[in-house]
Amino acid sequence: MARQRIDSVREHFDGEATIFDARVVRMVPHYREMLETMIAAIPFPTSKSVRAADLGCGTGTVAWLVKERFRKARITCIDFAPNMLALARRRLGPAAEFDLGDLHTYSFKGTYDAMLSSLVLHHVKAGPEKAALFRRIHGALAKGGVFLNTDIFTSRDRAVARMQLDKWAEFILRSYPRCEVQRNYRRYKQEDRPADPQEELVALRKAGFHHVEMLWKYYNFGTYIAVK
Ligand SMILES: C[S@@+](CC[C@H](N)C(=O)[O-])C[C@H]1O[C@@H](n2cnc3c(N)ncnc32)[C@H](O)[C@@H]1O
């Protein structure tokens, strides 16, 4: 793992924790819709005490939405940025447990029915480290459990990848001046390692998931489900 890049990701989110919620809806197209797709895809009765984990919870938005649909859910929120985790704790209080940890090396402590992640795993480079993380996620899920992931992806095809970035820029320009698009692009190049979605689905199958499917997609953003 490129330690310097990972440290810079953590510092970035730690430093911007208090403005994250206001910013994400202006930087990420259909943010709310993607999260709602994940929540709707959790295949259990709403009365179940679902055991859930929010990987890279940030301020706890995903965990909060899980709790809205599954009142009796028991949720573990994991993040490596202390300021993000503090905001999640403030938001969810005793409704969840909180663990400071880096997903590159994190050992899941429980067994879960649903593991969810939003806009996090593009920080983990595709290859052996991501494959190992997928195996750990698979290992921590109960049989029939689901892994739901919303993320930034890219395409192996350069022209398609370029078009997707142009569409992302168009969206950011609705709220911010062009210098923000340029700043975001520099940070994207430095910090992000998005995967090709088709390759990611293959990696999930190799990790043991028996059904994987892209549920929702908008240019370089998407949500998938992987069923154990
Ligand atoms: C873009 S934010 C998304 C937050 C939240 N999931 C959401 O969608 O609102 C990415 C979050 O992932 C966390 N993160 C990134 N890489 C991580 C890693 N390797 N281990 C744990 N947390 C990580 C960051 O600290 C940050 O809180």
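For the structure itself, consult the block above.
Report on the accompanying structure. (Residues numbered from 1 in each chain as written. Predicted model: local features only at pLDDT ≥ 70, side-chain atom pairs only at ≥ 80, totals over all residues.)

1. A short note on the overall build of the protein
Then step 1. Helices and strands together make up the secondary structure of the protein, namely nine helices and seven strands.
Then step 2. A globule of 228 residues ought to have a C-alpha radius of gyration of about 17 Å, and the protein, at 17 Å, matches this closely.
Then step 3. Overall size of the protein, expressed as C-alpha extent along the three principal axes, is 45 × 35 × 30 Å.
Then step 4. Among the 228 residues that make up the protein, the fraction classed as buried is 38%. (Helix = DSSP H or I, 4+ residues; strand = E, 2+ residues; numbered from the N terminus. Rg over C-alpha atoms; globule rule 2.2 N^0.38 Å. Buried ≥ 20, exposed ≤ 12 C-beta atoms within 10 Å, placed from the backbone.)

2. Details of the sheet that holds strand S4 (residues 112-118)
Then step 1. Strand order in the open sheet made by the seven strands is S3-S2-S1-S4-S5-S7-S6, with mixed pairing throughout. Both edges of this open sheet fall to strand S3 (96-100) and strand S6 (211-218), since each of them pairs with a single strand only. Between one strand and the next, the sheet's axes are offset by a mean angle of 15°, whatever the strand orientation.
Then step 2. As defined by bridge partners, S4 adjoins strand S5 (residues 141-152) across six bridges and the pair is classed as parallel. Bridged to Ser118 within S5 is Thr150.
Then step 3. Strand contacts of helix H9 (residues 197-206): S6 and strand S7 (221-227), with the helix running at about 155° to S6, the strand carrying the most contacts. (Pairing = 2+ DSSP bridges. Axes fitted to C-alpha atoms, helices over the stretch in contact; angles between N-to-C directions. Contact = placed C-beta atoms within 7 Å.)

3. Focus on the site of the ligand
Then step 1. In the vicinity of the ligand, 20 residues are found, and the nearest of them are Phe13, Gly56, Gly58, Ala81 and Ser118.
Then step 2. For the shell around the ligand, the elements supplying multiple residues, two or more each, are helix H1 (3-15) and helix H4 (61-69).
Then step 3. By residue number, the principal contributor to the shell around the ligand is H1, which donates three residues.
Then step 4. Residues of the shell around the ligand, tallied by class, amount to eleven nonpolar, six polar and three charged. (Near = placed C-beta within 6 Å. Nonpolar A, V, L, I, M, F, W, Y, C, P; charged D, E, K, R; others polar.)

4. Focus on H4
Then step 1. Within H4, seven of the nine residues are buried, which leaves it mostly tucked inside the rest of the structure.
Then step 2. Of the residues making up H4, those classed as buried are Thr61, Val62, Ala63, Trp64, Leu65, Val66 and Lys67.
Then step 3. Looking at the buried side of H4, the elements it contacts are helix H3 (31-40), strand S1 (51-55), strand S2 (74-79), helix H5 (82-92), S3 and S4.

5. Focus: the pairing of S2
Then step 1. Most of S2 sits out of view: five of its six residues are buried.
Then step 2. In terms of strand pairing, S1 meets S2 through five bridges, oriented parallel. Residue pairing in the sheet places Asp54 in a bridge with Cys77 of S2.
Then step 3. The parallel pair S1 and S2 is bridged by H4, and the resulting crossover is right-handed. (Right-handed = clockwise from strand over helix to strand, strands pointing away.)

6. Brief notes about the nonpolar core
Where a protein is soluble and globular, its nonpolar side chains tend to be buried together.
Then step 1. Of all hydrophobic cores here, the largest spans 61 residues; its most connected members are Ala52, Ala63, Val66, Cys77, Ala114, Met115 and Leu116.
Then step 2. Excluding anything up to four places from it in sequence, Ala63 contacts Asp54, Cys57, Ile75, Cys77, Ala88, Leu92 and Ala96. (Core = buried A, V, L, I, M, F, W, Y, C linked by C-beta atoms within 7 Å.)

7. Quick notes on the pairing of S5
Then step 1. Within S5, nine of the twelve residues are buried, which leaves the element mostly enclosed by the surrounding structure.
Then step 2. In this region the chain leaves S4, passes through helix H6 (residues 128-140) and returns to the parallel neighbour S5; the handedness of that crossover is right-handed.
Then step 3. The sheet contact formed by S5 and S7 spans seven bridges and is antiparallel. By the bridge assignment for S7, Asn149 is matched with Tyr224.

8. Some points on the environment of Tyr106
Then step 1. Within the secondary structure, Tyr106 is located in the loop between S3 and S4.
Then step 2. In sequence terms Tyr106 and Asp79 are 27 residues apart; their C-alpha atoms lie 10.0 Å from each other.
Then step 3. The residues touching Tyr106, leaving out its near neighbours within four places in the chain, are Ile78 and Gly101.

9. Overview of the environment of Leu92
Then step 1. As for its position among the elements, Leu92 is in helix H5.
Then step 2. According to the C-beta neighbour criterion, Leu92 is buried, with 21 such atoms within 10 Å.
Then step 3. Linking Leu92 and Thr61, residues 31 residues apart in sequence, is a C-alpha distance of 9.3 Å.
Then step 4. When sequence neighbours within four positions are dropped, the list of residues in contact with Leu92 reads Gly60, Ala63, Trp64 and Cys77.

10. Quick look at unusual backbone geometry
Then step 1. In this structure, Leu119 takes a positive phi of about 60° despite not being glycine.
Then step 2. Under the C-beta neighbour-count criterion, Leu119 is labelled buried, with 22 such atoms within 10 Å.
Then step 3. In this model, Tyr219 sits at a positive phi of 50°, which is unusual for a non-glycine residue.
Then step 4. You can see Tyr219 is positioned in the loop between S6 and S7.

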